[in-house]
Amino acid sequence: MPEIFEGYKDSWRDYLQHFNSCAGVNGWSDRDKCEFLAVRLRGQAQQFYVDLPDMTKLDFYSLTNAFANHFEPEAQASVIRAQLRGRVRKSGESLSALGASIRREVRRAYLGLSSSAQDQLACDFFIDALPDREFRVLIRRVRPQTLEEAMTVAIELDAIEKTEGMVRSGRSVSSVGTNLGGGNLHDVTPNLELSQRLERIEAQLSYLMNSGISPYRPNMQPSVSMHPPGYHPFRPPGPTCWNCGMVGHMRAQCPSPLKPANQFAGQGN
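Just so we're clear, the structure is a prediction, and the values are computed from it rather than from any experiment.

## Description of the overall build of the protein chain
- A count of helices and strands for the protein chain gives 11 helices and 0 strands.
- From first element to last, N terminus to C terminus, the protein chain shows the α and β order α-α-α-α-α-α-α-α-α-α-α.
- Counting the 269 residues in the protein chain, one finds 30% classified as buried.
- Taking as baseline every contact in the protein chain between residues at least 6 positions apart, the subset at least 24 positions apart corresponds to 44%.
- On the protein chain, roughly 17200 Å² of surface is accessible, and the fraction owed to carbon and sulfur atoms is 54%.

Here it is in structure tokens:
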């Protein structure tokens, strides 16, 4: 059974080819075609059919000519041509959908041209509809001769661009973890992978520990005058030698030469 024809939103020429194919498969006569066409009309097409003379409705050739003159007039073709010249790929529109739309409109706008000429025009309109100038230049350098070739090149370039974009994004994310310029410890992008978040936190902790800045109070510098030489706020707990400043033994067991005891008077150990 043929599809529904609704009027201006569809191409009458394409629909007629589809209808004739169905008629050939089913072995319909011209009279059968008239009857089946009548029941496959909706909207504007159905209203136009109702207003036709009865004699036209009974002759398939006259009926199809009437539909062609009404739904594929030369004036409408001029409008479609103007629309094609200003056609731009819509946001979210796939390249395949763009190509199919342009192919359909070219057939409606240039009925008198051969299929090869229509295809070449569709190829040019497709490239012109791409908003990215560099993208258009790259496709034209390949010199596609048909719409299918232009679509294939465009889809491949689009896939490469998306892949490269993901790679560049990944590199920039990795570089963030090595940029230890004293940024906020909690300034972590929510979209980072968990492992990348941990790497960044670990790197910033390492930076803070080496600089002696508390990660909980990043703007406060430690007061070294309150602690013996070698003291570090992130070292593991344990006795600190007041002689050499190392952790793990006391001054009495220090293997280094003893310094004057009065240097650390009142500090124990």
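## Quick look at the nonpolar core
- In this structure, L84, I102, V106, F126, L130 and I139 are the most contacted members of the largest nonpolar core, which totals 22 residues.
- Elements with a contribution of two residues or more to this core: α6 (74–85), α7 (95–109), α8 (115–128), α9 (133–142) and α10 (147–178).
- Not counting chain neighbours up to four residues away, the residues in contact with I102 comprise L84, R87, A122, F125, F126 and A129.
- F5, Y15, F48 and L52 belong to the second-largest nonpolar core, a separate cluster that totals 18 residues.

## Some points on helix α5 (residues 60–71)
- The end-to-end C-alpha distance of α5 is 16 Å, a good match for the 16 Å that 12 residues give at a rise of 1.5 Å each.
- When we look at burial in α5, the residues that qualify are F60, L63, T64, A66, F67 and F71. Take α5 and look down its axis: the buried residues cluster within an arc of 155°, on one side only. Of the exposed residues in α5, those oriented more than 90 degrees away from the buried face are Y61 and N69.

## Here's the deal with the environment of K57
- Assignment of secondary structure puts K57 in helix α4 (residues 54–58).
- Using a relative accessible area of 17% as the deciding quantity, one classes K57 as buried.
- In this structure the C-alpha to C-alpha distance between K57 and A38, which are 19 residues apart in sequence, comes to 8.4 Å.

## Regarding the packing of aromatic side chains
- If you walk through the whole model with that rule in mind, you get 13 aromatic pairs.
- Consider the rings of F19 and W28, whose centres lie 5.9 Å apart with planes at 50°: the pair is tilted.
- The exposure class of F19 is buried, given its relative accessible area of 1%.
- K57 extends its terminal NZ or CZ atom over the ring of Y49, reaching a point 5.0 Å from the ring centre.

## Some remarks on the UniProt feature "domain: CCHC-type" (unreviewed entry) in the protein chain
- Look at the UniProt record and you will see "domain: CCHC-type" (unreviewed entry) annotated at residues 241–256.
- Structurally, residues 241–256 comprises 0% helix and 0% strand, and the distance from its first C-alpha atom to its last is 10 Å.

## Examining the environment of P257
- Tracing the sequence through the fold places P257 in the segment after α11 (194–211).
- Using a relative accessible area of 70% as the deciding quantity, one classes P257 as exposed.
- Expressed as a C-alpha distance, the spacing of P257 and N243, which sit 14 residues apart in the sequence, is 8.3 Å.

## A short note on the packing of α7 against α8
- Orientation of α7 relative to α8, taken along the N-to-C sense of each, is 135°, at an axis distance of 9 Å. In terms of axis orientation, α7 runs oblique to α8. The element α7 and its partner α8 pack so that their crossing is right-handed. Residues L95, L98, G99, I102, R103, V106 and R107 of α7 pack against Q118, L121, A122, F125 and F126 of α8.
- Among the residues making up the contact of α7 with α8, the classes are represented as 8 nonpolar, 2 polar and 2 charged.

## Quick look at unusual backbone geometry
- We note that R143 has phi near 60°; this positive angle belongs to a residue other than glycine.
- With respect to the helices and strands, the residue R143 is situated in the loop between α9 and α10.

## Remarks on the side chain of E93
- Structurally, E93 can be placed in the loop between α6 and α7.
- Of note is the side chain of E93, whose polar atom sits 2.9 Å from the backbone nitrogen of K90.
- Leaving out residues up to four positions away in the same chain, E93 has contacts with R87, V88 and L98.

Definitions and limits used
- Residues numbered from 1 in each chain as written.
- Predicted model: local features only at pLDDT ≥ 70, side-chain atom pairs only at ≥ 80, totals over all residues.
- Heavy atoms only, no water.
- Helix = DSSP H or I, 4+ residues; strand = E, 2+ residues; numbered from the N terminus.
- Buried < 20%, exposed > 50% of the residue type's maximum accessible area, 1.4 Å probe, protein only.
- Contact = heavy atoms within 4.5 Å.
- Areas by Shrake-Rupley, 256 points an atom, 1.4 Å probe, with all protein chains shown as cover.
- Core = buried A, V, L, I, M, F, W, Y, C linked by side-chain atoms within 4.5 Å.
- Expected span 1.5 Å × (residues − 1).
- Arc of directions from axis to C-beta.
- Phe/Tyr/Trp six-rings, centres within 6.5 Å; stacked < 30°, edge-to-face > 60°.
- Lys NZ or Arg CZ within 6 Å of the ring centre and 35° of its normal.
- UniProt positions renumbered as here; feature names shortened; annotations may be inferred.
- Axes fitted to C-alpha atoms, helices over the stretch in contact; angles between N-to-C directions.
- Parallel < 35°, antiparallel > 145°, perpendicular 65-115°, else oblique.
- Left-handed = near helix turned anticlockwise from the far one by under 90°.
- Nonpolar A, V, L, I, M, F, W, Y, C, P; charged D, E, K, R; others polar.
- Polar contact = N/O pair within 3.5 Å; in protein donor to acceptor, adjacent residues only side chain to side chain.

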